[in-house]
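Per-entry structural report
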Amino acid sequence: MKQKENGVWVSWNENLKHNYKSLFKITTENELQDVIANNDKIRFFGNKQSSADIAAGTNALLDMKTYNKIVSYNYNDKTITVQSGVILGDLLEAIEKVGWCIPCLPDINTVTVGGALATGTHGTSGKLLSEYITSCRLVLADGSVKEIKSSDELMNAVKVSLGMLGVLSEITFKCETEYTLHVKERPENDKEWLPKIKDRLKQHDFLRVLWLPHTSKGYVITGDKIDKDKEINVNNGPKYLKHRRTASKILYKYSHKFPWITAIANNILAKAFFSSKKEHKGSLYQATVTKSRGSTLELAEWTIGLDKFPQVFKELKEEVNKWDNKSFIHIPMDVRFVQKDNAWLSYAYKEDIVTMGCVSRNAATADTYEAFKSVERIFLKHGGRPHWGKRFAAKDAQLSKIYPKWEDFKELRRELDPTNKFLNPYLSKLVNEKKLANVKKSIA
Ligand SMILES: Cc1cc2nc3c(=O)[nH]c(=O)nc-3n(C[C@H](O)[C@H](O)[C@H](O)COP(=O)(O)OP(=O)(O)OC[C@H]3O[C@@H](n4cnc5c(N)ncnc54)[C@H](O)[C@@H]3O)c2cc1C
């Protein structure tokens, strides 16, 4: 086990910084248990890519990235067991080598598996990544290990739990046989793509819409499973398309000072980068997941029941199109679709949902990005839920209204972590633990 003393923890986009006294790196489950058992307060982090302040903020910290082995394959069950600090891209390459896939992937491959699961990371046209877990080992606050199977109700609490119930140690995923996706991309007016959502979800194996605020257009990406040898008319669009993110960064450079610039920039970006059709094929991972990003950004994302989406979209569009407020939104707002599940803190708890991303391409000025506040207000009004790993302001009072199992989760958390070992200041506010501590004191 390695240990560093007194340093500063910095998130990937440098918006979060915390001093720490001890930073541990581990490679075995025994070391993981020792570190957890022997520290009164501790947080553990993956690749630090969350915007929410959930990964550090305690004197002791544990870097999970060295806990990253592929442990075993079970060829009969098509399952793979990994240590939780493995990078998602490494896991996906390992399963592609044996002809398998996980059928719903986020648009990022640099996150750790433990970090991704903890925040309910998802892709589109399938379930949250955590729904593909068949079993896991959880290191509890006292350092003991609990083995959890997918049939246990505890699994529904642990699957998405922001590392508040324990540290995920080894995780087993159920995989499927790898398939080839025939991907088609094209621009469409809002009037065209919006009413077609439900039909397209039935027709296609993959659906994602990159909405282009202030242009009344979306960029629709569909995918259909095909035989891997089927010939298609490959069209990757003009070569300059690969410079989209750099062009966005330049055009949005002063948008924090003059937010209205965004509307003009979006129209230029839409014409230059989202007006051509594309067609290609590949595995879900190869054909749809972004492998490198030129610069950091700041993210929020909200989710809403599929049936409520058209109304929320209408209100959001009206709001951002008003020139009398500062809610201008950078391109694109990523619209994706997730199927219902039973995980207590899942956005898709017992209902099919639509997720809508909101990006600020200028991470350093994200605090002044009015759009984050407007999007949150509109989604919350309709019972929408925030992505746990991204930026939002809602706390316990709002969360208890939108998550039917919120109070059960809090009760379980208190049972499994009675000394609040795993709570940092942000998480304490999220579960209103300060108030609880006061209540306990006044009762005593
Ligand atoms: C560019 C970009 C693209 C993204 N795309 C998507 C997307 O397509 N879909 C989506 O849903 N999300 C997406 N995200 C969000 C991202 O998946 C989450 O923020 C994820 O949690 C980041 O993983 P990480 O390894 O960096 O974890 P960190 O940010 O380091 O940690 C996140 C949380 O996980 C906890 N944690 C870490 N390891 C463990 C463990 N072993 N056991 C228990 N808890 C643990 C941490 O304590 C913390 O609370 C994106 C983020 C970025 C920056």
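Residues numbered from 1 in each chain as written. Predicted model: local features only at pLDDT ≥ 70, side-chain atom pairs only at ≥ 80, totals over all residues. Heavy atoms only, no water.

Some points on the sheet that holds strand S1 (residues 2-10)
Definition in use: Here, a strand pair is defined by DSSP locating no fewer than two bridges between the strands. Strands here mean DSSP runs of E at least two residues long; helices mean DSSP runs of H or I at least four residues long; both are numbered from the N terminus. Axes here refer to lines fitted to C-alpha atoms; in helices the fit is confined to the stretch in contact. Angles between the N-to-C directions go from 0 to 180 degrees.
The four strands are arranged S1-S2-S4-S3 in an open sheet whose pairing can be described as mixed. The outermost strands of the open sheet, each flanked by one partner alone, are S1 and strand S3 (42-45). Each adjacent strand pair in this sheet contributes to an overall mean axis angle of 35°, direction not counted. Two strands pair when backbone bridges link them, and S3 and strand S4 (residues 60-63) are joined in this way by four bridges, in the parallel orientation. By the bridge assignment, Ile42 is partnered in S4 with Ala60.

Side note on the sheet that holds strand S8 (residues 133-139)
Short version of the rule: By definition, residues are in contact when any of their heavy atoms lie within 4.5 Å.
Overall, antiparallel pairing links the five strands, which are arranged S5-S6-S10-S8-S9 in an open sheet. The sheet is open, and its two borders are formed by strand S5 (70-74) and strand S9 (145-149), each paired with just one other strand. Strand-to-strand twist across the sheet, computed as the mean angle between neighbouring axes with direction ignored, equals 15°. Its contacts with the sheet place helix H1 (residues 29-37) against S8, S9 and strand S10 (167-174), and it is angled at close to 140° to S10. Against the sheet, helix H2 (residues 88-97) touches S5, strand S6 (79-83) and S10, its axis set at about 150° to S6.

Some remarks on the UniProt feature "domain: FAD-binding PCMH-type" (unreviewed entry) in the protein chain
Threshold: UniProt positions are given in the numbering used here, feature names are shortened, and annotations may be inferred rather than shown by experiment.
Mapped onto the present numbering, the UniProt feature "domain: FAD-binding PCMH-type" (unreviewed entry) falls at residues 16-178. Measuring from the first to the last C-alpha atom of residues 16-178 gives 38 Å, for a span that is 19% helix and 31% strand.

Focus on the nonpolar core
Condition: By convention a nonpolar core is built from buried Ala, Val, Leu, Ile, Met, Phe, Trp, Tyr and Cys residues, the set being connected through side-chain atoms within 4.5 Å. With a 1.4 Å probe rolled over the protein chains alone, any residue whose accessible area is under 20% of its type maximum counts as buried; one over 50% counts as exposed, and the rest are partly exposed.
The biggest cluster of nonpolar side chains holds 111 residues, and the ones touching the most others in it are Leu91, Ile102, Phe173 and Trp388. Once you skip the residues sitting within four places of it in the chain, Phe173 turns out to touch Lys78, Thr79, Ile80, Val82, Leu91, Ile102, Val113, Leu117, Leu129, Tyr132 and Ile133. Counting residues in each nonpolar core, the second largest holds 15 residues, with Val35, Phe44, Ala60 and Tyr67 among its members.

Observations concerning the site of the ligand
Rules: Any residue with a heavy atom positioned within 4 Å of a molecule or strand is treated as near that molecule or strand. Distance and chemistry together define a polar contact, namely a pair of N or O atoms within 3.5 Å, with one atom able to donate a hydrogen and the other to accept it when in protein, and with adjacent residues in sequence counting only for side-chain atoms on both sides. In short, Shrake-Rupley with a 1.4 Å probe defines the accessible areas, and a residue's cover is counted only from the protein chains shown.
The local shell around the ligand holds 36 residues, among which Phe44, Gly46, Ser50, Asp107 and Thr112 are the closest. In the environment of the ligand, an oxygen atom lies 2.9 Å from a nitrogen or oxygen atom belonging to the backbone of Asn47. Measuring from an oxygen atom of the ligand, one finds a backbone N or O atom of Lys48 at 2.9 Å. Taken by itself the ligand offers 990 Å² of open surface, and the protein chains cover 98% of this. At the level of elements, S3, helix H3 (113-118) and S10 are the ones that each hand at least two residues to the shell around the ligand.

A short note on the pairing of strand S12 (residues 180-189)
Among the ten residues of S12, seven are classified as buried, and the element is accordingly described as predominantly covered. Of the pairings in the sheet, the one linking S12 to strand S14 (residues 217-226) comprises ten bridges and is antiparallel in character. By the bridge assignment, Pro187 is partnered in S14 with Tyr219. By the bridge criterion, five bridges tie S12 to strand S15 (residues 278-282) in an arrangement that is antiparallel. The partner of Leu181 across the bridge, within S15, is Gly282.

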